[in-house]
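# Report on the structure
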Amino acid sequence: MKKKIFISQPMRDKTDEQILAERKKAVMVAKSCFEEKVEIIDSFFQEAPHDAKPLWFLGKSLELMAGADAVVFVKGWENYRGCRIEHTCAIEYGIKIIEI
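A brief report on the enclosed structure follows. (Residues numbered from 1 in each chain as written. Predicted model: local features only at pLDDT ≥ 70, side-chain atom pairs only at ≥ 80, totals over all residues. Heavy atoms only, no water.)

### Remarks on helix α2 (residues 54-65)
Put simply, the test is: Helix numbering and strand numbering both begin at the N terminus, where a helix is a DSSP run of H or I of at least 4 residues and a strand a DSSP run of E of at least 2. Multiply 1.5 Å by the residue count of a helix minus one, and that product is the helix's expected span. The rule is simple: take the accessible area with a 1.4 Å probe, protein chains only, and divide by the maximum for that residue type; under 20% is buried, over 50% is exposed, in between is partly exposed. Throughout, the arc means that of the directions going from the helix axis to the C-beta atoms. In this description, contact between two residues means that some pair of their heavy atoms is separated by no more than 4.5 Å.
With 12 residues, α2 extends 16 Å from end C-alpha to end C-alpha; this agrees with the ideal 16 Å at 1.5 Å per step. Those residues of α2 that sit buried are Leu-58, Ser-61 and Met-65. Summarising the axial view, the buried residues of α2 lie within an arc of 65 degrees, below the 170-degree limit, and thus occupy one face. In this structure, the buried side of α2 is in contact with β1 (3-8), β3 (70-73) and α3 (81-92).

### With respect to the sheet that holds strand β4 (residues 96-99)
This is how it is decided: A strand pair is defined by DSSP finding two or more bridges across the two strands. Lines fitted to the C-alpha atoms define the axes, with helices restricted to the stretch that makes contact. Angles between their N-to-C directions range from 0 to 180 degrees.
What the 4 strands build is an open sheet, ordered β2-β1-β3-β4; its pairing is parallel. Both edges of this open sheet fall to β2 (38-40) and β4, since each of them pairs with a single strand only. If you compare each strand with its neighbour and ignore which way they point, the axes differ by 30 degrees on average. Strand direction decides the pairing type here: β3 and β4, joined by 4 bridges, are parallel. Note that in β4 the partner of Ala-70 across the bridge is Lys-96. Across the face of the sheet, α3 comes into contact with β1, β3 and β4 while running at roughly 150 degrees to β3.

### What to know about the packing of aromatic side chains
Short version of the rule: Two aromatic rings from Phe, Tyr or Trp, using only the six-membered ring of Trp, form a pair when their centres are within 6.5 Å; if the ring planes differ by under 30 degrees the pair is stacked, by over 60 it is edge-to-face, and anything between is tilted.
The tally for this structure, following the rule as stated, stands at 4 aromatic pairs. Plain terms: the ring middles of Phe-45 and Trp-56 are 5.8 Å apart, the flat faces sit at 70 degrees to each other, and that makes the pair edge-to-face. Residue Phe-45 is found in the loop between β2 and α2, and its partner Trp-56 is found in helix α2; the two are separated by 11 residues along the sequence. For Trp-56, a relative accessible area of 31% gives the class partly exposed. Here the aromatic rings of Phe-45 and Phe-57 are separated by 6.1 Å at their centres, their planes lie at 45 degrees, and the arrangement is tilted. With Phe-45 in the loop between β2 and α2 and Phe-57 in helix α2, the pair connects residues that are 12 residues apart, well separated along the chain. You can call Phe-57 partly exposed: its relative accessible area is 29%. Each residue in the set Phe-45, Trp-56 and Phe-57 is aromatic and connected to the rest through ring pairs, giving one cluster.

### Focus on α3
The terminal C-alpha atoms of α3 lie 17 Å apart, and with 12 residues this matches the ideal 16 Å at 1.5 Å per residue to within 8%. Each element contacted by the buried residues of α3 is listed here: β1, α2, β3 and β4. Downstream of α3 by one or two residues, Gly-94 has phi in the positive range, about 70 degrees.

Have a look at this one:
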């Protein structure tokens, strides 16, 4: 059975290219942590509403994270409010945490 992996990463003030490059590294780490196959939950909202506020993104992220077996936190996560909230939720709801 595949493990479902959610990636929590800083996105504010980063280009799509930077975000996707970090995600690629996070996917490699996630795959190396599990002997079985992994499925990456797509939480990079490139088609978000133009006027979406940060809380909209966080709500969507938490909804997706609810189905995860593990969360990979990308370097620098602790400096971003949304990532810190996702980390707290992972702890409180017993989702495995992998920090890179």
